[in-house]
Amino acid sequence: MASGGGGGRRGREREEDELPVYLARPGTTAQVPRQKYGGMFCSVEGAFESKTLDFGALSVGQRGARGNRPPPPPEPPREPPAAAGVEIRSGSDKERLQNLGPQPDKSDRLLIKGGRIVNDDQSFYADLYMEDGLIKQIGDNLIVPGGVKTIEANGKMVIPGGIDVHTHLQMPYKGMTTVDDFFQGTKAALAGGTTMIIDHVIPEPEASLMEAYEKWREWADGKTCCDYSLHVDITHWNDSVKQELQTLIKEKGVNSFMVYMAYKDLYQMSNTELYEIFSCLGDLGAIAQVHAENGDIIEQEQTRMLEIGITGPEGHVLSRPEELEAEAVFRAITIASQTNCPLYVTKVMSKSAADLISQARKKGNVVFGEPITASLGTDGTHYWSKNWAKAAAFVTSPPLSPDPTTPDYINSLLASGDLQLSGSAHCTFSTAQKAIGKDNFTAIPEGTNGIEERMSVIWDKAVATGKMDENQFVAVTSTNAAKIFNLYPRKGRIAVGSDSDLVIWDPDAVKIVSAKSHQSAAEYNIFEGMELRGAPLVVICQGKIMLEDGNLHVTQGTGRFIPCSPFPDYVYKRIKARRKMAEMHAVPRGMYDGPVFDLTVTPKGGTPAGSTRGSPTRQTPPVRNLHQSGFSLSGTQADEGVRSASKRIVAPPGGRSNITSLS
Amino acid sequence: FYADIYVEDSLIKQIGENLIVPGGIKTVDAYGQLVMPGGIDVHTRLQMPVMGMTSADDFYQGTKAALAGGTTMIIDHVFPDSGINLLAAYDQWRECADSKACCDYSLHIDITRWHESIKEELEALVKDKGVNSFLVFMAYKDKLQCTDTQMYEIFSIIRDLGAIAQVHAENGDIIDEEQKRLLELGITGPEGHVLSRPEEVEAEAVYRAITIAKQVNCPLYVTKVMSKGAADVIAEAKRKGIVVYGEPITASLGTDGSHYWSKNWAKAAAFVTSPPISPDPTTPDYLTSLLSCGELQVAGSAHCTFTTAQKAVGKDNFTLIPEGTNGIEERMSIIWEKCVASGKMDENDFVAVTSTNAAKIFNFYPRKGRITVGSDADLVIWNPKATKIISAKTHNLNVEYNIFEGIECHGAPTVVISQGKIVLEDGNLFVTQGSGRFVPRKTFPDFVYKRIKARNRLAEIHGVPRGLYDGPVHDVIVTAKAVAPTPTSRIAPCSGKIPTPPVRNLHQSGFSLSGSQADDHIARRTAQKIIAPPGGRSNITSLS
């Protein structure tokens, strides 16, 4: 339901990357109230239905007969012959000429025939027609203009393009930059079936968030080949940062901010700061992300490791045991639940952290967990590799769990919905860069690859093994991400009006991951040698074919920035309801006017002597009025005037007011 | 079992039937009632100074109440004012207690402030003063609170000394924020106390303390387990094999926090303690179950009483209400009533949680906590049929309020023997001020440290012996600044890498030399040095 927000933003921001008018068509009238709210409240009942469930109404043909509910039995001829690939053919030559004439971009109009469309809720066979980077029609026997390029999917799955929610492309670190820049990185993303990334902006501590944001925009706009959006990391906290948050959310299309609980004295936030940041983000309708590790303890452990003489990459994982990750997750959840702010835990690397998230979800906390390609696909035993370069390639924080059953466990939680979405945390350094820490593991730059392998790893580990079905696969690779970050249904769904970011997925393809063949610029691939079932056959991004027959056709700088509007429905509906419920009320009571211990008289003297005791208190038990409220007056007390609706009770000196007896 | 017991010189001399004893002794006829070791209250704060006040029960009054309730030993917390040397505070407490206590006592010490010399102070206390447990606070921001780093260091010291780390587990940072928020909302009464300290905050701190203790391999003892969440975290950690003990207190076992909303300010204020008593009325039942099944091990009272006048210091601001509830006298009866009378535990478990476990953890077993030849003659003759209604009118405390007011307890001590003397008989107390002795405690209690020691041996960490990495190293200094904003520096080194993958020697160790590399044979630390030609790459970077 991000659409409304997107629409509203377009109105005010005049993004020159025009946001498509995909909503205007199905429900122009419904659009108006959304704009009125400035994109903040974007829920429109029925927006969902008008996209997908009513698509028959928009297509011409036997629409009445089609219910669209269950995957309708396809016509027999559409069943793919065994081992059929995907054919792409253009229209007739004449038509192609016409097509090329006015608009040289040949793949502007695209028809996918005979695909099995997979959304997060259902799968069905239908044809898809795209134009101007939008999905225009879904259905059978579509009436399309001539001269369109046609892809014969032969019953292969057509899924929404993947959204990688966590990348660090072109990230500056200690004067270096990660080897994959926005071009290289997004190229790798497209090669793996991911058509949108959300990158992290990391401002230097003390630097302005706005400036960092602009810098990242500049880098990304010039280089990305797929759509992107940005998270901003909060690396320091003060009032001016608070101001910047507001601007970023209201004007710049950022709705998620990450805070670090690790990296002591650099990025780390104290509990108090976390509390303030979370309350602030909760008010602004953004999503709080955390890098969850206890930085204080890590620092202690690091010192200890170095003292013992452990300097290799195994020190990295030894100094960051998974308990510290779990502890920080627990703390973050507690603070977020106190401040009623939605929490998003990045990089879930260990069983215990994943357990805590699912436990918190069962208690009703609004918390999301993001495992990454590395934690889903491999484990941390490689830290003990004899080959330094190999061991160093696995260094990331939180570290990969050395427990080899972890990936399986996390895949299960992803399949069951306890974890909701997956990122890659793609942040690659060359071996030479990693080697800065060759004598001290704390200096090894942290990050692993995964942007390209993400979809295939999840397919292989979760779908091919039967843990999840294709719909859940779509949910965890794109739909949930789009919902959480308020990009839905523009992204993460195949529906009329959505962006035409599509992947034709071949579940049977087998690919061996290797640094030799990957798109990333790093020499090492942590998934080296892994045989993965499931790979993209065709990747379509912004309505253009980016990958076919293993060949990439990408153009640097075609990626657009997609603004994310605040208050995503998927996340904030519950938060808002709770906010209404959570008001606290004081107990209306009479003023307490019994004797008050005089602090000033005995400020120091009472400490060791014990003389303050025996004097007034003990001897005679007071007159007791059982089962009376504290308002009653009784016994030997003198009444005075009324103050603030309650009676004032003054006890004679040394005596005692009845208010002290039990009610 | 049934037997006769002969007591002399405050020690138990003989146990058995038809004992041969000298003439002229006093005989207590137990008539088949239960004779059990006297209770040990592991958490009291008698005569504690707070904000210039002193808690209403001093050592005399407090221990008198303890004896009246069947508790024959207390372990009090030394609470040094910030700025005071721990040793000085210890001496101060010893002085007060020696002159006043009527039963044996021992001391925990609270670490209220982190400073450099703390290690020496702790060492002195452990070695010379017979203290083996120290409490750190995770709450009370800017006053007593310890950071995670400090806790890590304190726990390491404590582990090396063989002592026990206790924590007051609450997240002080969050509480501080919540308090501000509530005061802004205009909530100033005692209900603000519990609203600003939700039980998640307690559970969070328990979890954190356990994590740190696990890292340091230090035994952890969580004082005042007040909520289900915290108790669950402890129980779970125990199941994972972490050495952690949980201490519920009389208040959390006997009553719940719904009284914070009482219309009577004085009543509501009487319940104020930290962590607060959980407002969930099913909590006491849950905690008693965990206590019965051994997930929680010992019961304290956290007895720290203030008169209503003293509590009233916070009448307009709940954050100023001095914290503490009573419970020293009621502890045994409440546990009997809630656990034994309800069938959750048997009388042996009852002895375990009220005295034996405490004696084991704090290392004075079997001198206390057991009836055996040679043990101290601290005995209680318990009458499970007696019925008592708790009331401020009849209790032995100095406060006007009893948070257990009106609770009917089945089970009460009929005779209490402390140091071989009868101090309670037929409801009459015969106590002598100052007769209590300090019980010094040794370090490395077996009950706790056997496992810790075994783990210490196991936990040694070894580095991976590897060849030195001598492949190309990214030069940080040269490109220190230039790289950041301009993407130019990237393309240069990387573009060369993609098209031509390096020579790969699969399944070779990183020590091998291969390809076009020049060897110097400069042996350094038993590893070979491999120098890559500029722009080329060492084989060490390929996968092994």
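Residues numbered from 1 in each chain as written. Chains lettered and ligands numbered in written order. Predicted model: local features only at pLDDT ≥ 70, side-chain atom pairs only at ≥ 80, totals over all residues. Heavy atoms only, no water.

Per an unreviewed UniProt entry, chain B goes by Dihydropyrimidinase like 4 and derives from Pelusios castaneus.

Going by an unreviewed UniProt entry, chain A carries the name Dihydropyrimidinase like 3 and comes from Pelusios castaneus. Regarding chain A, the relevant UniProt record gives this comment under Sequence similarities (unreviewed entry): "Belongs to the metallo-dependent hydrolases superfamily. Hydantoinase/dihydropyrimidinase family." Looking at the Function (unreviewed entry) heading of the UniProt record, one finds this comment for chain A: "Necessary for signaling by class 3 semaphorins and subsequent remodeling of the cytoskeleton. Plays a role in axon guidance, neuronal growth cone collapse and cell migration." (UniProt positions renumbered as here; feature names shortened; annotations may be inferred.)

Colleague: Got a minute to help me understand the overall build of chain A in this structure?
Modeller: Looking only at helices and strands, one finds 21 helices and 21 strands in chain A. Each of the 663 residues in chain A was classed as buried or not, and the buried ones make up 63%. For chain A, the share of sequence-separated contacts (at least 6 apart) that also reach a separation of at least 24 residues comes to 77%. Looking at chain A as shown, the accessible area adds up to about 23500 Å², and 52% of this sits on carbon and sulfur atoms. (Helix = DSSP H or I, 4+ residues; strand = E, 2+ residues; numbered from the N terminus. Buried < 20%, exposed > 50% of the residue type's maximum accessible area, 1.4 Å probe, protein only. Contact = heavy atoms within 4.5 Å. Areas by Shrake-Rupley, 256 points an atom, 1.4 Å probe, with all protein chains shown as cover.)

Colleague: What is the right way to read the overall build of chain B from this model?
Modeller: Scanning chain B from N- to C-terminus turns up 16 helices and 18 strands. Sorting the 544 residues of chain B into buried and exposed places 60% on the buried side. Expressed as a percentage of contacts within chain B between residues at least 6 apart in sequence, the contacts between residues at least 24 apart total 77%. Within the structure as shown, chain B displays about 20300 Å² of accessible surface, and the carbon and sulfur contribution to it stands at 53%.

Colleague: Can you help me understand the sheet that holds strand S11 (residues 220–225) of chain B in this one?
Modeller: Strand pairing within a sheet occurs via backbone hydrogen bonds; the two strands may be parallel or antiparallel. All names here are of chain B. As summarised here, the arrangement of the seven strands in space is S4-S7-S8-S9-S10-S11-S12, forming an open sheet in which the pairing is parallel. Across the chains shown, the open sheet's two edge strands, defined by having one partner strand only, are strand S4 (39–44) and strand S12 (244–248). Pairs of neighbouring strands in the sheet enclose a mean axial angle of 25 degrees, with direction left out of account. With four bridges connecting them, S11 and S12 associate as parallel partners. Residue Val222 lies in a different strand from S12, and its bridge partner there is Gly246. Taken strand by strand, helix H2 (residues 86–100) contacts strand S7 (71–78) and strand S8 (104–111), and its axis lies near 155 degrees from that of S8. (Pairing = 2+ DSSP bridges. Axes fitted to C-alpha atoms, helices over the stretch in contact; angles between N-to-C directions.)

Colleague: Would you mind going over helix H6 (residues 182–191) of chain A with me for this structure?
Modeller: Residue pairs spaced three or four apart in an α-helix point in one direction, given the helix's 3.6 residues per turn. Residue and element names in this part refer to chain A. Of all 10 residues that make up H6, 10 are buried, and the element is covered over most of its length. Inspection of H6 places Phe182, Phe183, Gln184, Gly185, Thr186, Lys187, Ala188, Ala189, Leu190 and Ala191 among the buried residues, and these make up the whole buried set. For H6, the secondary structure elements touched by its buried residues are strand S10 (194–201), helix H7 (209–223), strand S17 (531–541), strand S18 (544–548) and strand S19 (551–552). Of the residues flanking the start of H6, the one acting as N-cap is Asp181, its side-chain oxygen 3.1 Å from the backbone nitrogen of Phe183. Just downstream of H6 lies Gly193, where phi reads positive at about 95 degrees. (Polar contact = N/O pair within 3.5 Å; in protein donor to acceptor, adjacent residues only side chain to side chain.)

Colleague: For this particular structure, what's the right way to read the pairing of strand S12 (residues 256–260) of chain A?
Modeller: Across a regular strand the side chains alternate sides, sitting on one face of the sheet and then on the other. All names here are of chain A. Where burial is concerned, most of S12 is hidden: five out of the five residues are buried. Burial of the side chains of S12 extends over both faces: Ser256, Met258 and Tyr260 are buried on one face and Phe257 and Val259 on the other. Both strand S11 (residues 227–234) and S12 contribute to a ladder of three bridges, which runs parallel. For Asp233, the partnering residue across the bridge sits in S12 and is Met258. Chirality of the crossover, the property in question, places the unit of S11, helix H8 (residues 239–251) and S12 among those that are right-handed. Inspection of the sheet shows S12 paired to strand S13 (residues 287–291) by five bridges, in the parallel sense. Each residue of the ladder has a partner; that of Met258, found in S13, is Gln289. The β-α-β motif built from S12, the intervening helix H9 (residues 271–284) and the parallel element S13 has right-handed crossover chirality. (Right-handed = clockwise from strand over helix to strand, strands pointing away.)

Colleague: I'm lost on the environment of A:Thr247 in this one. Help?
Modeller: All names here are of chain A. Mapped onto the fold, Thr247 is located in helix H8. Remark: the alpha-carbon pair of Thr247 and Ala189, spanning 58 residues in sequence, is separated by 30 Å. In contact with Thr247, other than residues within four places in its own chain, are Met210 and Lys252.

Colleague: Looking at this model, I keep getting lost on the side chain of A:Asn480. Mind explaining?
Modeller: Looking at the element boundaries, A:Asn480 is found in helix H19 (residues 470–484). Not counting chain neighbours up to four residues away, the residues in contact with A:Asn480 comprise A:Gln420, A:Leu421, A:Ala475 and A:Tyr570.

Colleague: Is there a simple way to explain the pairing of strand S5 (residues 149–152) of chain A in this structure?
Modeller: Residue and element names in this part refer to chain A. Residue alternation in S5 divides its side chains into two sets, Lys149 and Ile151 and Thr150 and Glu152, and both sets are buried. In this sheet, S5 lies alongside strand S2 (residues 110–118) in parallel orientation, the contact comprising four bridges. Its bridge partner lying in S5, Leu111 is registered against Thr150.

Colleague: What is the right way to look at the environment of B:Ala392 in this model?
Modeller: Residues and elements named next belong to chain B. One can find Ala392 in the loop between strand S13 (379–389) and strand S14 (408–418). The class for Ala392 is buried, based on a relative accessible area of 7%. Ala392 sits 89 residues away from His303 along the chain, and the two C-alpha atoms are 15 Å apart.

Colleague: Can you walk me through the sheet that holds S12(A) in this structure?
Modeller: All names here are of chain A. Pairing in this open sheet of seven strands is parallel, and the strands run S7-S10-S11-S12-S13-S14-S15 from one edge to the other. Single-partner strands in this sheet number two, and they are strand S7 (162–167) and strand S15 (367–371). Ignoring strand direction, the axes of neighbouring strands in this sheet form an average angle of 25 degrees. Pairing of S13 with strand S14 (residues 343–348) involves three bridges; the strand directions are parallel. Across the sheet, Ala288 pairs through a bridge with Leu343, a residue of S14. Across the sheet, helix H18 (residues 454–463) lies against S7 and S10, angled at about 110 degrees from S7, the strand it touches most.

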